[in-house]
Amino acid sequence: MQRLSLVWFKRDLRVHDHAALCEAAREGAVLPVFVVEPRILGADDGDALHYGFIRECLLELRESLAAMGQPLRVFVGETVDIFEALRTRFGFTRIYAHQETGNALTYARDLAVLDWARTNGIEVCEFAQHGVVRRLQDRNGWARQWRTLMDSAQYDLPDRLTGPPVEDIGDIPTGQNLGLTAYHPAVATRSQVQRGGEQAAIATLESFLRERGQHYQRQISSPSSAYRHGSRISAYLAYGALSLRRTVQQTEHSDLPARARRSFTSRLHWHCHFMQKLESQPSIESRCFNPCYESLRDDGNDPLLLQSWQQGLTGFPFVDACIRSLQTHGWINFRMRAMLVSFAAYDLWLDWRLFSSFLARQFLDYEPGIHLSQVQMQSGTTGINTPRMYNPVKQGFDHDPHAQFIRRWVPELAALPTPFVHEPWALSPIEAQAAEFRPGVDYPLRCVDHRQAIRRAREQIAVVRRSGAHRGAAARVFDQHGSRRAQRDRMTSNAYRERRLKGSDAPRFDAPKDEGQLTLFD
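A quick note: this is a predicted structure, and the numbers were derived from the prediction, not measured.

## A short note on the overall build of the protein chain
Now for step 1: Helices and strands together make up the secondary structure of the protein chain, namely 25 helices and five strands.
Now for step 2: Its C-alpha radius of gyration of 24 Å places the protein chain within 12% of the 24 Å reference for a compact globule of 522 residues.
Now for step 3: If you line up the protein chain on its principal axes, its C-alpha atoms span 85 × 55 × 45 Å.
Now for step 4: Considering the protein chain as a whole, with its 522 residues, one finds that 59% of them fall into the buried category.
Now for step 5: Intrachain contacts of the protein chain at a sequence separation of at least 6 include 81% that bridge at least 24 residues.
Now for step 6: Working note: accessible area of the protein chain is about 21300 Å², and carbon and sulfur atoms make up 50% of it.

## Structural notes on the packing of helix H16 (residues 334–347) against helix H18 (residues 368–379)
Now for step 1: Put simply, H16 and H18 touch, their axes get as near as 8 Å, and they point 55° apart. In terms of axis orientation, H16 runs oblique to H18. Of the two possible hands of crossing, H16 and H18 adopt the one that is right-handed. Residues Phe334, Ala338, Val341, Ser342, Ala345 and Tyr346 of H16 touch H18, and the partners they reach there are Gln374, Val375, Gln378 and Ser379.
Now for step 2: When grouped by side-chain class, the residues that make up the contact of H16 with H18 number six nonpolar, four polar and no charged.

## Things to note about the confidence of the model for the protein chain
Now for step 1: Within the protein chain, residue pLDDT values average 91, and 91% of them lie at 70 or more.
Now for step 2: pLDDT under 50 marks residues 486–493. Its contacts with residues more than four places away, or in other chains, come to ten contacts.
Now for step 3: Here residues 503–522 scores under 50 on pLDDT; set against residues more than four positions off or in separate chains, the count is 76 contacts.

## A closer look at the side chain of Arg324
Now for step 1: Looking at the secondary structure, you find Arg324 in helix H15 (residues 317–329).
Now for step 2: Taking relative accessible area as the criterion, Arg324 reaches 15% and is therefore assigned buried.
Now for step 3: Here Trp409 takes part through its backbone oxygen, which lies 3.0 Å from a polar atom of the side chain of Arg324.
Now for step 4: With near-sequence residues (within four places) excluded, Arg324 lies in contact with Gln311, Gly312, Leu313, Trp409, Val410, Pro411, Glu412 and Tyr443.

## Here we look at the pattern of salt bridges
A side chain with one charge may pair with a side chain of the opposite charge, provided their charged atoms come close.
Now for step 1: Throughout the structure, instances matching the rule amount to 28 salt bridges.
Now for step 2: The residue Asp110 makes a salt bridge to Lys10 at a minimum N-O spacing of 3.6 Å. Here the residue Asp110 occupies a position in helix H5 (residues 104–119), and Lys10 occupies one in the loop between strand E1 (4–9) and helix H1 (19–27), the gap between them amounting to 100 residues.
Now for step 3: Given a relative accessible area of 11%, Asp110 falls into the buried group.
Now for step 4: Here Glu294 ties to Arg353 by a salt bridge, and the two come within 2.8 Å at their closest N and O atoms. In this pair, Glu294 is assigned in the loop between helix H13 (258–280) and helix H14 (303–310) and Arg353 in helix H17 (residues 352–362), connecting sequence segments 59 residues apart.
Now for step 5: According to the relative accessible area criterion, Arg353 is partly exposed, its value standing at 29%.
Now for step 6: Look at the salt bridges and you will find they share partners, linking Lys10, Glu37, Glu100, Arg109 and Asp110 into a network.

## Things to note about the packing of aromatic side chains
Now for step 1: Summed over all chains, the structure comprises 16 aromatic pairs.
Now for step 2: Seen in terms of ring centroids, Phe53 and Tyr239 are 5.6 Å apart; in terms of plane orientation they differ by 45°. Their pairing is tilted. In this pair, Phe53 is assigned in helix H3 (residues 48–68) and Tyr239 in the loop between helix H11 (234–238) and helix H12 (244–252), connecting sequence segments 186 residues apart.
Now for step 3: Each ring, one from Phe92 and one from Trp116, has its centre 6.3 Å from the other, and the planes form 50°; the classification is tilted. Residue Phe92 is found in the loop between helix H4 (79–90) and strand E4 (94–98), and its partner Trp116 is found in helix H5; the two are separated by 24 residues along the sequence.

## Observations concerning the sheet that holds strand E2 (residues 29–36)
Now for step 1: Across the sheet, five strands lie side by side as E3-E2-E1-E4-E5; this open sheet has parallel pairing. Whereas interior strands pair on both sides, the edge strands pair on one side only; in this sheet they are strand E3 (73–76) and strand E5 (123–127). Between one strand axis and the next, the sheet turns through 30° on average, direction left out of account.
Now for step 2: Together, E1, E2, E3 and E4 form the strand contacts of H4, whose direction differs from that of E2 by roughly 150°.
Now for step 3: H5 contacts E1, E4 and E5 of the sheet and is inclined by roughly 170° relative to E1.

What counts and how
Residues numbered from 1 in each chain as written. Predicted model: local features only at pLDDT ≥ 70, side-chain atom pairs only at ≥ 80, totals over all residues. Heavy atoms only, no water. Helix = DSSP H or I, 4+ residues; strand = E, 2+ residues; numbered from the N terminus. Rg over C-alpha atoms; globule rule 2.2 N^0.38 Å. Buried < 20%, exposed > 50% of the residue type's maximum accessible area, 1.4 Å probe, protein only. Contact = heavy atoms within 4.5 Å. Areas by Shrake-Rupley, 256 points an atom, 1.4 Å probe, with all protein chains shown as cover. Axes fitted to C-alpha atoms, helices over the stretch in contact; angles between N-to-C directions. Parallel < 35°, antiparallel > 145°, perpendicular 65-115°, else oblique. Left-handed = near helix turned anticlockwise from the far one by under 90°. Nonpolar A, V, L, I, M, F, W, Y, C, P; charged D, E, K, R; others polar. pLDDT = per-residue confidence, 0-100. Polar contact = N/O pair within 3.5 Å; in protein donor to acceptor, adjacent residues only side chain to side chain. Salt bridge = Lys/Arg side-chain N within 4 Å of Asp/Glu carboxyl O. Phe/Tyr/Trp six-rings, centres within 6.5 Å; stacked < 30°, edge-to-face > 60°. Pairing = 2+ DSSP bridges.

Laid out in structure tokens, this is it:
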């Protein structure tokens, strides 16, 4: 028998460009394993929506590996317990895996596996699959490291896998088998949710580069057009059904128009930029980037406002339409995600920790590092980013001018004239009676006054930014997490930091720009 290595699949559910699989196969026999961990899947940020996608990836991955000689073994339980049983049975001496930047539960799981491996003389070989760098001290030179990894050669698919005799490996459990809770109406049938699997990932990327992405930068702001013209590969990247390196290289060698290609490639870079923040500072899962904001919203956090936002019953039609659409599809474009967070954080004055896990459960493409960084940034708790306070009515007129999206998802308003679909509160009593519309009965009244809420938010954030501790705390955040690209590379880190901090000390509330470049949600 050749030397046996266990290949531990986690968020890398593919066979192409898979460093761990290829290196293990090069060494000798392999035992491909995935562990379904109910404790992690059932956490506050987990949902049956996620596992349904994972399971579809696993079913295809099992077939692909079986065609190569060794099917995927899927087990349910705690990873250390599963690995100990497999070690006793098969006697593997190495574990090959990709690095993962996840939440506190997966981090603790990985540490427990490393401790168990050391105790039992098992060598653990980990490989980077994103541009995230372990034990990074600051961002100087990070962009160059990202570029080097993206330019490196992809791993070829192994011709043949050898390993233990293939016994009855059983079925892959369903979410219902595991007792997972589903918060999405479409989870039961998966009729309106993206399908999982490596082949679907490849086809989605290719259709985007060949056809759907021709006018990418112009069509990703609207929640209607973004469903088709966005790349829609974020879920495949989140669970590793597609490698980031393959995505970057295929994009840069595609026939996508130059402007669209540059725009999309920049998002692939920002994808890793935000994941790096969680890798470098795991505490952002539960603590503000900038500690000066820890008690910012102690005078808010009304549970009834949170509930109205979660149910799509705020009385702001465009906000409610976006929430309802998200809960059905498990996806919405980035600009609308930013608006939803802005509305919750500034209009409703809710602490980001109250709604972060709720949104994580809604997003099929939930990636902890991106999600936590973005929720905090859009909530204004970094201290180095200009707060973006989106006007939900303006966003509706800008990105759904004929109110087609609102009418689809808020049918209570479908019969009203278009201007009133956006602002039903503007109806006079006579107009409401003529339209047979009962404000507050057929559709909720506005839960807050937008202008008053934003004014209060500005005032309270300004107080924090003028405090003596803010400047030093913001400087530390920038030193650890601030980007060092483009014009910033032509300045010293200190000079750029001073420029940023001078701007951030004076609270500015600019008109929202297209924040889509900040991460890969589109």
